[in-house]
Amino acid sequence: MSSITSGNLEQYSDSQKLAARARLHNNYTVAEIDWFPWVAKQLPLNAGNSILDVGCGPGWFWASAASELPENLKLTLSDSSPGMVQEAVDRCQSLPFASVAGRQADATDLPFEDESFDALIAMHMLYHLPDPSKGLAEMRRVLKPGGFLAVTTNGAGNRRELYSLTTVFGSEPFDPAGAAFGYAEAERSMQAEFGNVSMTEHPAILRVTEPEDVFLALTSYPPGDRADEAQLAAFREAIAEAFRAGNGILEVGKESGLFISQKAR
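Residues numbered from 1 in each chain as written. Predicted model: local features only at pLDDT ≥ 70, side-chain atom pairs only at ≥ 80, totals over all residues. Heavy atoms only, no water.

Engineer: Just to check I follow, could you spell out the sheet that holds strand β9 (residues 250-253) for this structure?
Structural biologist: The strands that make up a sheet pair up through hydrogen bonds in the backbone, lying either parallel or antiparallel. As summarised here, the arrangement of the 3 strands in space is β1-β8-β9, forming an open sheet in which the pairing is antiparallel. On the outer flanks of this sheet lie β1 (29-30) and β9, each paired with one strand and no other. As judged from the 4 bridges shared by strand β8 (residues 205-208) and β9, these two strands associate in the antiparallel manner. Paired with Arg-207 across the two strands is Glu-251, which belongs to β9. (Pairing = 2+ DSSP bridges. Helix = DSSP H or I, 4+ residues; strand = E, 2+ residues; numbered from the N terminus.)

If you want it as structure tokens, here you go:
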């Protein structure tokens, strides 16, 4: 049984809906170093390591961070969505990896042998699982002794200024990802599974100047993507009011963190 819901299958069959949300980050993030290269710099990888990316999505991380990574990495890309796997493999094949392979996979039932990989990466995906602890146990199983798991997720206060606008759809005014598997849960779960965990937060904010990008991002997933005309009109007005209050700029706080655990030797 897949660990991803039918709604998520619709969301992540390809990268179209994800791209609407990524546009906010790509166009409006203010940071000394962008998110993907920053994550890559934190990873304790060595040349020649074998890596499994669980929930690889369209492979944007590897395309953006390849220059920050050691040489001759052997990369395996996995995702519940075959469309995402294919897109990620196509994107990464031309990058300087020793090898690139793709595999459709359920994160709670990984189709790999015990102790197969030097490192696992699970970026902003554990909150999709009904039971994240089951996914973490599987990740630990396929990790070699001494290897590490890197997980990224959001804090409960992430982009609060944006999520407060979605209350017109009946949503709570906070990041659903941070609520489902935020900082506290990531630290607790990884500590329980591995006996150790370290956390680092990416220092960044959003400074959005185009209201339409807010509208497109927050109507690319439920409940915004199923809103009726009256709700959409109310949402546009809420966005306009937020920009008026900020004199044409909507400044948004970000809370995105990286958690790393090592498997005992």
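Moving on, there is more to tell.
Engineer: What exactly am I supposed to notice about the side chain of Asn-158 here?
Structural biologist: Looking at the secondary structure, you find Asn-158 in the loop between β6 (143-154) and α7 (160-163). Given a relative accessible area of 3%, Asn-158 falls into the buried group. Contact partners of Asn-158, with chain neighbours within four places excluded, come to Tyr-163, Asp-175, Gly-253, Lys-254, Glu-255 and Ser-256. (Buried < 20%, exposed > 50% of the residue type's maximum accessible area, 1.4 Å probe, protein only. Contact = heavy atoms within 4.5 Å.)

Engineer: Whenever I open this one, the environment of Asp-114 confuses me. Can you help?
Structural biologist: By the secondary structure assignment, Asp-114 is in the loop between β4 (99-104) and β5 (117-123). Residues Asp-114 and Ala-63, 51 residues apart in the sequence, show an inter-C-alpha distance of 28 Å. Once residues within four sequence positions are removed from consideration, Asp-114 is found in contact with Arg-141 and Val-142. Engagement of the side chain of Asp-114 in a polar contact is seen with the side chain of Arg-141, the distance being 2.7 Å. (Polar contact = N/O pair within 3.5 Å; in protein donor to acceptor, adjacent residues only side chain to side chain.)

Engineer: What is the right way to read helix α3 (residues 35-42) from this model?
Structural biologist: Since one α-helical turn is 3.6 residues long, residues separated by three or four positions face the same way. Listed as buried for α3 are Trp-35, Pro-37, Trp-38, Val-39 and Ala-40. Close packing links the buried residues of α3 with α4 (60-65), β5, β6, β7 (198-201) and β10 (256-262).

Engineer: Would you take a moment to explain the sheet that holds strand β3 (residues 74-79) for this structure?
Structural biologist: The sheet built from 7 strands is open, its strands ordered β4-β3-β2-β5-β6-β10-β7 with mixed pairing. Of all the strands in the sheet, just β4 and β7 have a single pairing partner and so form its edges. Here the strands of the sheet are splayed against their neighbours by 15 degrees on average, with no regard to which way each runs. (Axes fitted to C-alpha atoms, helices over the stretch in contact; angles between N-to-C directions.)

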